Amino acid sequence: MATKMKKESNIRVLFLSSSRHPIVEELKRELSRLSVKVTILYLQDIRTIILRSAIISLLLLVKLLRRSPYIVLRFMNIVLKSGLKIRNIMNSTLYFILASFTHKMLIKNDFDIIHAFWSYPAGIVAILIKALEHKPVVISVLGYDVDERTLNDTFLTNMLKFAIENCDAVIVAAENHYHNLLSREVNRTILHFIPLGVNVTRFNEDYGLPLRKKLGISEDEVIVLFVPHLRDLYGPEDFLRAAGIVSRKVQNVCFVLAGDGPLREYLKALAKSLGVKAVFTGHINFHDMPLYYAIADIVCIPSYAGQGISALEAMAAGKPVIGYKTGTIRITDGIDGFLVQKGDIRGLAEKILLLIKDSSLRCVMGNNARIKVSQYDISLCASRILGLYKKCAERRMA
């Protein structure tokens with residue numbers, strides 16, 4: 001029988017996150033202002049103790065078989081139907097191991113809601129725990145778990161479906177992800193469209209001169225900033241190839257790639273071969289990001305997944321944003337930035353050149369961006385999520 005929801009001032013939520021993403025910490029801060037007590041458990045921190053967890057995981061499996069055999073049989077059926085591949089078996093085993101440690105934590109702390117970030121592994125773990133403790137589970141799908149990386153893989157698609165079919169509510173932050181789930185015949189009534197938010201006031205930093213000097217960029221140079229990870233999905237090569245076109249036409253421009261990733265060395269060599277003045281910052285602490293937006297004149301995010309949190313942060317900093325017309329779209333073309341067709345490198349270069357040459361247009365678009373982003377303030381996001389927690393709890397008690 002479900003535990004009765006406590007008074008609002010004592011609501012306790014377990015954030016179960018598949019990875020360390022800044023939005024998880026930001027959301028915790030905002031919910032705490034609404035008197036919600038949030039504890040975060042990052043599953044990646046548990047992976048280092050796999051060997052000594054086998055016995056605990058077996059005990060969890062026994063408990064599940066006794067209390068909720070359907071969940072176990074459904075889970076095992078997914079593994080078998082997807083083929084007995086080593087990767088699938090290892091991932092399935094990992095989910096049970098992660099669930100066993102999460103279950104121990106849940107027993108020690110009387111949480112009212114489990115909120116999983118990403119449908120796997122966090123969502124799978126949450127569903128296994130729900131089968132034992134009957135706690136409401138909310139799952140946020142945030143990207144890799146609902147785009148082509150998952151939908152083109154039978155095992156991962158089935159895991160996504162398993163998590164969503166057995167949870168109480170799904171939070172979808174992007175329109176294209178919402179439609180992806182509907183196309184998979186997910187029950188519309190459990191889908192809740194709540195765009196991710198940003199702490200708008202954090203990105204009002206205007207003093208970036210010391211950082212310019214640190215990076216070796218003169219005051220008269222225009223800075224074009226790229227902020228996603230250096231991975232193919234986010235288009236860093238497209239960014240640099242567009243930079244190559246721009247650099248042949250104007251001289252007073254520097255391209256800053258703020259972040260790290262597996263393509264870093266390749267991209268450094270590419271920038272050199274293209275004659276692009278590029279600065280590779282390496283990993284940047286989340287709390288330092290406002291300074292990088294502050295020194296930027298233009299932010300370019302040619303991501304094949306669309307524009308997510310990075311675009312909202314740039315808008316909050318009052319910067320025009322250029323991106324692809326695909327996936328999650330935050331830019332209003334011609335108003336607060338520009339959109340070009342996916343893979344259109346020459347189109348990216350043309351829009352960058354236009355903004356480099358027209359400082360007044362940069363200013364107008366930046367102001368429009370700052371006005372627009374107020375609707376994505378994280379305080380609004382947190383309020384809507386709290387409302388969803390209450391509805392889930394009420395349904396559980398009914």
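This text follows the structure it describes.
Residue numbers here run from 1 along each chain, matching the order of that chain's written sequence. For a predicted model such as this one, the threshold for reporting local features is a pLDDT of at least 70, and the threshold for listing and counting side-chain atom pairs is 80 or more; totals across whole chains, interfaces and linings nevertheless cover every residue. Excluding hydrogens and water, the side-chain values take into account all heavy atoms of the structure.

(A) Up close: the overall build of the chain. Think of it this way: any DSSP run of H or I at least four residues long counts as a helix, any run of E at least two long counts as a strand, and we number them from the N terminus. When you go through the chain residue by residue, the secondary structure sums to 16 helices and 12 strands. Residue exposure (1.4 Å probe, protein chains only): buried if accessible area is under 20% of the type maximum, exposed if over 50%, otherwise partly exposed. Per-residue burial over the chain gives 56% buried out of 398 residues. The method behind every accessible area is Shrake-Rupley, applied with a 1.4 Å probe, and residues are considered shielded solely by the protein chains displayed. Of the roughly 17700 Å² that the chain leaves accessible, carbon and sulfur atoms contribute 54%.

(B) Main features of the packing of aromatic side chains. Pairing of aromatic rings covers Phe, Tyr and Trp, the last counted by its six-membered ring, and requires centre-to-centre distances within 6.5 Å; plane angles under 30 degrees mean stacked, over 60 mean edge-to-face, and any other angle means tilted. Throughout the structure, instances matching the rule amount to seven aromatic pairs. With centroids separated by 5.9 Å and ring planes inclined at 10°, the aromatic side chains of Trp118 and Tyr144 adopt a geometry described as stacked. Within this pair, whereas Trp118 is found in the loop between β3 (113–117) and α5 (119–133), its partner Tyr144 is found in the loop between β4 (137–141) and α6 (148–151), the two being separated by 26 residues in sequence. Classification of Trp118 as buried rests on a relative accessible area of 6%. For Tyr144, a relative accessible area of 23% translates into the label partly exposed. Seen in terms of ring centroids, Tyr304 and Tyr324 are 5.3 Å apart; in terms of plane orientation they differ by 70°. Their pairing is edge-to-face.

(C) Geometry of the sheet that holds strand β2 (residues 37–42). Strands are labelled as partners when DSSP assigns at least two bridges between them. Pairing is parallel in the open sheet, where six strands are placed in the order β2-β1-β3-β4-β5-β6. The sheet terminates laterally at β2 and β6 (191–193), the two strands that pair on one side only. Along the sheet, successive strands turn relative to each other by an average axial angle of 25°, direction set aside. In the sheet, strand β5 (residues 169–172) pairs with β6 via three bridges, with the strands oriented parallel. Each residue of the ladder has a partner; that of Ile171, found in β6, is His192. Helix α1 (residues 22–33) contacts β1 (12–17), β2 and β3 of the sheet and is inclined by roughly 165° relative to β2. Contact between two residues is taken to exist if any of their heavy atoms lie within 4.5 Å; hydrogens are not considered. Between N-to-C directions, angles cover 0 to 180 degrees, with each direction set by a line fitted to C-alpha atoms, over the stretch in contact for helices. Set on the sheet, α5 makes contact with β1, β3 and β4; between it and β4 the angle comes to about 170°.

(D) How the structure looks around a positive patch on the surface. Patch members must show over 30% relative accessible area and no salt bridge, and they are joined within 9 Å when carrying like charges or within 5 Å when they are nonpolar side chains of Val, Leu, Ile, Met, Phe, Trp or Tyr. Think of a salt bridge as a Lys or Arg side-chain nitrogen and an Asp or Glu carboxyl oxygen that are within 4 Å of each other. Residues scored as positive are Lys and Arg, those scored as negative are Asp and Glu, and His as well as the terminal groups of each chain are ignored. Taken as the charge location is NZ of Lys, CZ of Arg, CG of Asp or CD of Glu. On the surface, a cluster of positive charge is made up of Arg248, Lys249, Arg346 and Lys357. When you line up the elements, Lys357 lands in helix α14 (residues 345–357).

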